[in-house]
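Architecture at a glance
Listed below are the residues making up each chain.
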Amino acid sequence: MGTSEEKISVSVRVRPLNDAEKELGHAWRHVDDAIVLDSDISASKESVYRVDNVFDESCSNLDVYKKTTSKIVKSVLDGFNGTVFAYGQTSSGKTHTMHGDMDTEPGIVPLAVKNVFDLIEKCSEREFRVR
């Protein structure tokens, strides 16, 4: 089949808690590349969900891009298909992560577009058609 690079990757980005959530306290925490739901009345022990990457509140959009998307962009320019999408509840930070703020912290989409054109410019041995 393919290499270990050809797979679906799941990443979680933890956004800062809002004031109401801070009052309730943490229902979960992250440890390395896992989300841990603390035990409560309905569960006798904590539940652990492992993913490929967990980004905490201190990570920038650029950190997320470098770890999750930059290799996909390069592989697309090598002729492979690639998809990146964000999924989550309302106000979970999808728009901030994907679009960001162009003046202070661009998101994954503008970073990918810039990367595409930077890579095209550096690749003199191939001709690209951008539509």
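Scroll up a little and you will see the structure.
Residues numbered from 1 in each chain as written. Predicted model: local features only at pLDDT ≥ 70, side-chain atom pairs only at ≥ 80, totals over all residues. Heavy atoms only, no water.

1. Side note on the nonpolar core
Among soluble globular proteins, nonpolar side chains are generally buried collectively. The cut-off we apply is this: Only buried residues count toward a nonpolar core, which is a set of Ala, Val, Leu, Ile, Met, Phe, Trp, Tyr and Cys residues joined through side-chain atoms within 4.5 Å. Exposure categories follow from relative accessible area, calculated using a 1.4 Å probe and restricted to protein chains: below 20% of the type maximum is buried, above 50% is exposed, and the middle band is partly exposed. Here a helix means four or more residues in a row that DSSP labels H or I, a strand means two or more in a row labelled E, and each is numbered from the N terminus. Here a residue-residue contact requires only that any non-hydrogen atoms of the pair lie within 4.5 Å.
Among the nonpolar cores identified, the biggest contains 9 residues, and these are Phe55, Cys59, Val64, Tyr65, Val73, Met98, Ile108, Leu111 and Ala112. The biggest single contributor to this core is helix H5 (residues 108-122), with 3 residues. Those residues in contact with tyrosine 65 that lie beyond four places of it in its chain are Ser70, Val73, Ile108, Leu111, Ala112 and Asn115.

2. Re the pairing of strand E3 (residues 34-37)
Under the convention used in this document: Being paired, for any two strands, means DSSP has found at least two bridges between them.
In the sheet, strand E2 (residues 28-31) pairs with E3 via 4 bridges, with the strands oriented antiparallel. Counted as the bridge partner of valine 31 is alanine 34 from E3. Linking E2 back to E3 in an antiparallel pair, the connection comprises 2 residues, with aspartate 32 at a positive phi of about 55 degrees. As paired elements, E3 and strand E4 (residues 47-50) share 4 bridges and run antiparallel to each other. If you follow isoleucine 35 over to E4, its bridge partner there is tyrosine 49.

3. What to know about the sheet that holds E2
Note the following rule: Axes here mean lines fitted to C-alpha atoms, for a helix over just the part in contact, with angles spanning 0 to 180 degrees between N-to-C directions.
Pairing within the open sheet is antiparallel, and its 3 strands lie in the order E2-E3-E4. The sheet is open, and its two edges are formed by E2 and E4, each paired on a single side. Put simply, the sheet's adjacent strands are angled 25 degrees from each other on average, direction ignored.

4. Concerning the pattern of salt bridges
Here the idea is simple: oppositely charged side chains can pair when their charged atoms come close. What counts here: For this document, the term salt bridge refers to a Lys or Arg side-chain nitrogen within 4 Å of an Asp or Glu carboxyl oxygen.
Under the defined criterion, the tally for this structure stands at 3 salt bridges. Of the charged contacts, one joins lysine 74 and aspartate 78 as a salt bridge, the two residues approaching to 3.4 Å between their closest N and O atoms. Given a relative accessible area of 46%, lysine 74 falls into the partly exposed group. Judged by relative accessible area, aspartate 78 falls into the partly exposed class, the value being 45%. A salt bridge links lysine 114 to aspartate 118, with the nearest nitrogen and oxygen atoms 2.8 Å apart. Here aspartate 118 and lysine 114 lie together in helix H5, a separation of 4 residues that amounts to about one turn.

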